[in-house]
Amino acid sequence: MSGHGAPDIDLTTLNPAETSQLKLAIVAASWHTQIMDGLLDGALRAAKDAGIAEPAVLRVPGSFELPVAAARLAPHFDAVVALGVVIRGGTPHFEYVCQAATSGLTDVSVRTGVPVGFGVLTCDTEQQGLDRAGLPGSKEDKGHEAVTAALATAVVLKQYANLQ
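**Student:** What am I meant to see in unusual backbone geometry here?
**Tutor:** If a residue is not glycine, its phi is most likely negative; likewise, a peptide bond is most likely trans. Residues other than glycine seldom take positive phi values, yet His32 does so here, at roughly 55 degrees. Within the secondary structure layout, His32 lies in the loop between strand E1 (24-28) and helix H2 (33-49).

**Student:** Explanation requested: the layout of surface pockets in the structure shown.
**Tutor:** One simple way to see leftover space: roll a probe sized like a water molecule over the atoms. If you add up the space inside the second largest pocket, you get close to 270 Å³. For the second largest pocket, the lining is made up of 15 residues, of which Trp31, Val85, Val86, His93 and Val97 are closest to its centre. Put simply, the parts of the chain that give the lining of the second largest pocket at least two residues each are strand E3 (79-87) and helix H4 (93-112).

**Student:** Help me out: how do you make sense of the sheet that holds strand E2 (residues 56-59) in this one?
**Tutor:** The strand order E2-E1-E3-E4 describes an open sheet built from 4 strands, whose pairing is parallel. Looking at strand neighbours, the two that pair on one side only are E2 and strand E4 (116-123), the edges of this open sheet. Within the sheet, the average angular offset between the axes of one strand and its neighbour, ignoring direction, is 10 degrees. Note: E1 against E3, 5 bridges, orientation parallel. Pairing of Val27 across the sheet is with Ala82, part of E3.

**Student:** Is there a simple way to explain the pairing of E4 in this structure?
**Tutor:** Residues in a regular strand point their side chains to alternate faces of the sheet. Of all 8 residues that make up E4, 6 are buried, and the element is covered over most of its length. As judged from the 8 bridges shared by E3 and E4, these two strands associate in the parallel manner. Directly across from Ile87, in E4, lies its bridge partner Cys123. With respect to chirality, the unit in which E3 leads through H4 into the neighbouring parallel E4 is right-handed.

**Student:** Sorry, what's going on with the state of the cysteines here?
**Tutor:** Where two cysteines share a covalent bond between their sulfur atoms, that bond is called a disulfide. By the definition in use, this model includes 0 disulfides. Just so you know, Cys98 is unpaired, no disulfide at all, and the nearest cysteine sulfur is the one on Cys123, 8.7 Å from it. Judged by relative accessible area, which is 2%, Cys123 ranks as buried.

Cut-offs applied
Residues numbered from 1 in each chain as written. Predicted model: local features only at pLDDT ≥ 70, side-chain atom pairs only at ≥ 80, totals over all residues. Heavy atoms only, no water. Helix = DSSP H or I, 4+ residues; strand = E, 2+ residues; numbered from the N terminus. 1 Å grid on protein atoms, 1.4 Å probe; cavity = no way out; pocket = protein on both sides within 12 Å on 5 of 7 lines; lining within 4 Å. Points joined across faces, edges and corners; volume = space filled by probe spheres on them. Pairing = 2+ DSSP bridges. Axes fitted to C-alpha atoms, helices over the stretch in contact; angles between N-to-C directions. Buried < 20%, exposed > 50% of the residue type's maximum accessible area, 1.4 Å probe, protein only. Right-handed = clockwise from strand over helix to strand, strands pointing away. Disulfide = S-S within 2.5 Å.

Following this line, the structure appears as structure tokens:
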């Protein structure tokens, strides 16, 4: 299972005075509605767990568009979370989209210094996406995990904001 060895980060144990003041943006693709609805629900639950009542939510057509939206939002937020799902088909398109989304989101985070939570599922089958979408019966909740990682990183970076 991909979650084996993952850190156990509980947003409710972070300082609520810090997390509730963070500005969070969630960018979500629109393909594979059922999976995306689960990812977005998990992300919104994580934001609520951290005391963030109303994160900005932006929907884009697909995972390929996530980096440009994240790049536009990053300068205005403490953390950005990108949610998407790409399911392998019979052509190399899968590899191109996955590589572009991964490289683009990494670039946004490194270039801006704003944590970008990576909630892009890259799956061989639709069932793998359903198993990770945080839906009833899912084994994992990658939307929640992506927000948790981004906010935990934002808190750490704020603690060291004055380093030159």
